[in-house]
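# Per-entry structural report
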Amino acid sequence: MPDSPLVPIIDGHNDVLLRMMQPGQDDPVAGFLEGEGRGHIDLPRAKAGGLAGGLFAIFVPSPHHRPDADGNFVAPEQASALNQTLAMARKLFELEARSQGQIKVCRNSIELQACIEQSIFAPVLHIEGAEGIGEDLDALHVLHQAGLRSLGPVWSRPNIFAHGVPFRVPHSPDIGPGLTDAGRALVRICNHLKILIDLSHMNEQGFWDTARLSDAPLVATHSNAHALSPHSRNLTDRQLDAIGESKGLVGINYGVLFLRDDGVRNLDTPLQIVVDHIRYIADRIGIERVALGSDFDGTTVPNELKDAAGLPRLIELMRQNGFDQISIERVAYRNWLDVLARTWGN
């Protein structure tokens, strides 16, 4: 790996908070801060790889961990989901409190930029699947006051707001109906509160409903190009074009299931495929419209990358593929800073 200075990376999605909730850990906060080798991210590996921060997802798993015969997951009940949401949020704030100034939960782009400049790790509170929020949206307002700045209305299952796209390959994302009345109200309030709306697990009809309703840039924090990997979770060319027209952003997912053209969970998938997705989206809608959205600790990534400490390999591979320094910095962090500033208004 080259000895050139690390390029800071803002990441569109990780599931480390869920990993920290798994049983069998004496002190997962200390494990993250000191480094324990579990999963894909801890603070020492983030520093080693140039990972400067990004959207830390709160995801509440389905009560039945396997899908039904049609490939559909069942959403958790709202009360249980809210309890688990608060528990994971507490873990994030505990990371900040015990980090001795090494971590700051960011609530605006000014704080995020300052943290990058000062080498302070900068998580942003994100929810993936709004099952913990009731139709009255009371919990949304409280969570926003606590620091919530990004929200995916659905994971890949239906809830009261919309229909998440099931995991199917090869398949179009056009599966099921779009936003409900409650979902449309959620989009409007997120626009009002300036909470980023993440479209990554939305089915195609929900995507277009949101595109028609939202006045914010369209963002998919951790999705790839359907033209290269025909997974239902990925974005069609028409969806990519809409994101480009809104001056939005796509965060490239490192999950092999969403990179490969055959949908096989193969750890020996070449890291080059990540660069291929970056190139495809950049060529179609512009280098300003593509970023990184790892899905670390929530998916299977190529062995060649392994974890956050391996991110310089991806940056170097981009160089080898003809990306200049300005383009690399755009994809690594500047595009996220730009779209978050325009979404949050600061």
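Everything below is about the structure printed above this text.
About the criteria used
- Residues numbered from 1 in each chain as written.
- Predicted model: local features only at pLDDT ≥ 70, side-chain atom pairs only at ≥ 80, totals over all residues.
- Heavy atoms only, no water.
- Helix = DSSP H or I, 4+ residues; strand = E, 2+ residues; numbered from the N terminus.
- Rg over C-alpha atoms; globule rule 2.2 N^0.38 Å.
- Buried < 20%, exposed > 50% of the residue type's maximum accessible area, 1.4 Å probe, protein only.
- Phe/Tyr/Trp six-rings, centres within 6.5 Å; stacked < 30°, edge-to-face > 60°.
- Contact = heavy atoms within 4.5 Å.
- Salt bridge = Lys/Arg side-chain N within 4 Å of Asp/Glu carboxyl O.
- Core = buried A, V, L, I, M, F, W, Y, C linked by side-chain atoms within 4.5 Å.

### What to know about the overall build of the chain
Scanning the chain from terminus to terminus reveals 12 helices and eight strands. The globule rule puts the C-alpha radius of gyration for 346 residues at 20 Å, and the 18 Å found for the chain is close to it. Along the first, second and third principal axes, the C-alpha atoms of the chain reach 55 × 45 × 40 Å. For the chain, the proportion of its 346 residues judged to be buried stands at 60%.

### So, the packing of aromatic side chains
A complete count under the given rule lists nine aromatic pairs for this structure. Ring geometry for Trp155 against Phe167: centres 5.5 Å apart, planes inclined by 50°, an arrangement best described as tilted. Highlighted residues: Trp155 in the loop between strand S4 (148–152) and helix H7 (181–193) and Phe167 in the loop between S4 and H7, separated in sequence by 12 residues. Residue Phe167 is classed as partly exposed on the basis of its relative accessible area of 28%.

### Here's the deal with helix H11 (residues 311–320)
When we look at burial in H11, the residues that qualify are Leu311, Pro312, Leu314, Ile315, Leu317 and Met318. Residues of H11 that are buried in the fold lie against strand S1 (9–14), helix H3 (43–49), strand S2 (51–58), helix H10 (272–285), strand S8 (290–292) and helix H12 (325–344). One or two positions beyond H11, positive phi appears at Gly322, with a value near 95°.

### As for the pattern of salt bridges
Counting across every chain of the model gives 17 salt bridges. One salt bridge in this structure joins Asp27 and Arg98, with 2.8 Å as the shortest N-O distance. Within this pair, whereas Asp27 is found in the loop between helix H1 (16–20) and helix H2 (28–34), its partner Arg98 is found in helix H4 (residues 78–98), the two being separated by 71 residues in sequence. A relative accessible area of 32% means that Asp27 is categorised as partly exposed. Assessed through its relative accessible area of 36%, Arg98 is described here as partly exposed. The partner of Asp338 in a salt bridge is Arg289, with the nearest N and O atoms 4.0 Å apart. Here Asp338 is found in helix H12, whereas its partner Arg289 is found in the loop between H10 and S8, with 49 residues between them in sequence. Judged by relative accessible area, Asp338 falls into the partly exposed class, the value being 35%.

### Some words on helix H8 (residues 204–213)
Along H8, the positions that sit buried rather than exposed are Glu204, Gly206, Phe207, Trp208, Asp209 and Thr210. Elements that come into contact with the buried residues of H8 comprise H7, strand S5 (196–197) and helix H9 (237–245).

### With respect to the nonpolar core
One finds Phe32, Ile133, Leu140, Leu151, Tyr254, Ile278 and Trp336 to be the most contacted residues of the largest nonpolar core, which totals 103 residues. When residues in this core are grouped by element, the largest group, nine residues, is from H12. With sequence-adjacent residues up to four places away left out, Ile278 is seen in contact with Ile252, Val290, Leu292, Met318, Phe323 and Val331.

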